[in-house]
Amino acid sequence: MNFEFQNPTRILFGAGVLARLGEAAGEYGKKALLVTGGGSVKRGGVFDRAVESLKAAGVSYVECTGIEPNPRISSVVRGADIARKEGCDMVIALGGGSVMDASKVIAAAALYDGDPWDMIMHGQEHVHVPTQALPVITVPTLAATGSEANCGAVITNEKTTVKSFVMAPALYPKVAVVDPELTVSVPVDQTAYGVCDLITHVTEAYFNGSGTTPLQDRFAEGVILTALEWGPKAVADGNDLEARTQIQWAALVALVGWVNVGTNGAYPVHMMEHTVSAYHDITHAAGLSIINPAWMRFAAKAEPAKFVQFAERVFGLKARSADDLDCALQGIDLFETFLRSIGCPTRFSELGIGDELFETYAKDTVAIMNDGNGRLPARPPMSIDDMVSVFKAAL
């Protein structure tokens, strides 16, 4: 392994830590842009509690509301304009992954004179990698993306139907205020999607990594096993704070960086899903739960060993050999059965998506990310025909 790792985000974790938001914000200024989504944080009282903590610390705020589930670049522009006009010292994200992603890019866009879409990787010749941003504080209200403590964000351009990402050290949140109590009101379907999301974050590097990271494998398997144990409990009883806490921590750990460090893993399932949800505006993790098992079956046929390891260590199966494809496929079947058991879709048809655009999805995906030979980076690398075959298998 050969890597460099640093995560500068300070994490405040535990039931009740929302009360410390003002304390954390006060270290970065006196006026915040408070970014929220569709209004659930206000209906559930979370917004009022957050504002109470800010006021107690002498921090004022202006709002940027209405961030979409797949955050749009137009909302980023709107938020950056508000932050500049109001002279905000910081950006506070109060919501799920979409709100946190938008907040990171808003924080960078507020200090950038160009088009914020320049920051998002979409196949352009020159990418603007942000080197400065307003301080960001994240307050996740959903256990899913892990965006609260990493430097990545995914944004959609609604005009061009392109959904892609930016990663830059300047986007690391200064503080993540992670209070599992805020997730108690999350609906059953969104809870299940969060479980799928966090698992997919680790399976991407686990199956697509260098293959010489045994410690990272154990970390990843621990995250997956935790999700398999506590996810159904959180889905069955939304008021189970212990289950909510364990899933919240698993989601954060899954993408905080150190689980996947040194793997140099590709993220083909995410790249394919981004294209699909750009066209259909579906929930990100719903797309992941459909594409991931189909991709796993495709990849296992080329390189079964890691999938055999997954089947044995995660689901307790016993393989005949290290490359026992039947065992690998059985493990994938059990994983897909788990996703269905908590309420996640596993076929495009469940979301009313047909096969009309499968080739378009594939071409759009490699236009954003490719290995220089027209293939999507993965193990194995994927041609357009390979991606179409995965989409068809998930129909």
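Our subject is the structure listed above.
Reference entry: report on the structure contained in this document. Quick caveat: nothing in here was measured; it's all calculated off a predicted structure.

### Topic: the side chain of Thr138
You can see Thr138 is positioned in strand β5 (residues 136–140). For Thr138, a relative accessible area of 0% gives the class buried. In terms of polar contacts, Thr138 uses its side chain to reach the backbone carbonyl oxygen of Glu148, at 2.9 Å. Look past the residues within four positions of Thr138 in its chain and what remains in contact with it is Ala93, Met100, Glu148, Pro173, Val175, Ala176 and Val177.

### A look at helix α3 (residues 46–56)
Two residues of an α-helix separated by three or four positions point the same way, owing to the 3.6 residues in each turn. Every buried residue of α3 is listed here: Val46, Phe47, Ala50, Val51, Ser53 and Leu54. Along the long axis of α3, the arc covered by the buried residues comes to 160°, so they all point the same way. Opposite the buried face of α3, by more than 90 degrees, sit the exposed residues Asp48, Glu52, Lys55 and Ala56.

### Things to note about the nonpolar core
Across soluble globular proteins, you tend to see nonpolar side chains buried next to one another. Residues Trp295 and Phe391 are the most contacted members of the largest nonpolar core, which totals 73 residues. Top contributing element to this core by residue count: helix α10 (residues 284–302), with 11 residues. Beyond its immediate chain neighbours, meaning those up to four positions away, Trp295 contacts Phe207, Asn208, Pro268, Val269, Met272, Phe307, Arg379, Met382 and Val390. Judged by nonpolar contacts, the second largest core, of 34 residues, contains Leu33, Ile73, Cys151 and Val166.

### Digging into the sheet that holds strand β4 (residues 90–95)
Hydrogen bonds between backbone atoms are what pair the strands of a sheet, whose relative direction is either parallel or antiparallel. Here we have 6 strands laid out as an open sheet, ordered β1-β8-β5-β4-β2-β3, and parallel in their pairing. Of all strands in the sheet, those bounded by a partner on one side alone are β1 (10–13) and β3 (60–64). Between one strand axis and the next, the sheet turns by 20° as a mean value, whatever way the strands run.

### Digging into unusual backbone geometry
The peptide bond linking Arg379 to Pro380 adopts the cis configuration, its omega dihedral lying at 0°. Here Pro380 shows up in the loop between α13 (358–368) and α14 (384–393).

### Let's talk about the environment of Tyr172
Of note, Tyr172 is situated in the loop between β7 (162–167) and β8 (175–178). Overall, the relative accessible area of 16% leaves Tyr172 in the buried class. Along the primary structure Tyr172 and Glu27 are separated by 145 residues, whereas in three dimensions their C-alpha atoms are 16 Å apart. A distance of 3.2 Å separates a polar side-chain atom of Tyr172 from the backbone oxygen of Gln6.

### Details of the packing of aromatic side chains
Here the structure, examined in full by the defined rule, presents 17 aromatic pairs. Pairing Phe207 with Phe307 gives two aromatic rings, centres 4.0 Å apart and planes at 5°, and the pair type is stacked. One end of the pair, Phe207, is in helix α6 (residues 188–208); the other, Phe307, is in helix α11 (residues 305–315), with 100 residues separating them in the sequence. Using a relative accessible area of 4% as the deciding quantity, one classes Phe207 as buried. Look at Phe307 and you get buried, because its relative accessible area is 2%. Consider the rings of Tyr361 and Phe391, whose centres lie 5.4 Å apart with planes at 80°: the pair is edge-to-face. In this pair, Tyr361 sits in helix α13 while Phe391 sits in helix α14, placing the two residues 30 residues apart along the sequence. The residues Tyr361 and Phe391 share a single accessibility class, namely buried. Ring-pair connections join several aromatic residues into one group, and the members of that group are Tyr206, Phe207, Trp295, Phe307, Phe310, Phe315 and Phe335. Seen from the ring of Trp230, Lys233 lies directly overhead, with NZ or CZ sitting 4.1 Å from the centre. Against the face of Tyr206 rests Lys306, its NZ or CZ located 4.7 Å from the ring centre.

Rules behind the numbers
- Residues numbered from 1 in each chain as written.
- Predicted model: local features only at pLDDT ≥ 70, side-chain atom pairs only at ≥ 80, totals over all residues.
- Heavy atoms only, no water.
- Helix = DSSP H or I, 4+ residues; strand = E, 2+ residues; numbered from the N terminus.
- Buried < 20%, exposed > 50% of the residue type's maximum accessible area, 1.4 Å probe, protein only.
- Polar contact = N/O pair within 3.5 Å; in protein donor to acceptor, adjacent residues only side chain to side chain.
- Contact = heavy atoms within 4.5 Å.
- Arc of directions from axis to C-beta.
- Core = buried A, V, L, I, M, F, W, Y, C linked by side-chain atoms within 4.5 Å.
- Pairing = 2+ DSSP bridges.
- Axes fitted to C-alpha atoms, helices over the stretch in contact; angles between N-to-C directions.
- Phe/Tyr/Trp six-rings, centres within 6.5 Å; stacked < 30°, edge-to-face > 60°.
- Lys NZ or Arg CZ within 6 Å of the ring centre and 35° of its normal.

Purely spatial values, then, with no claim about function.
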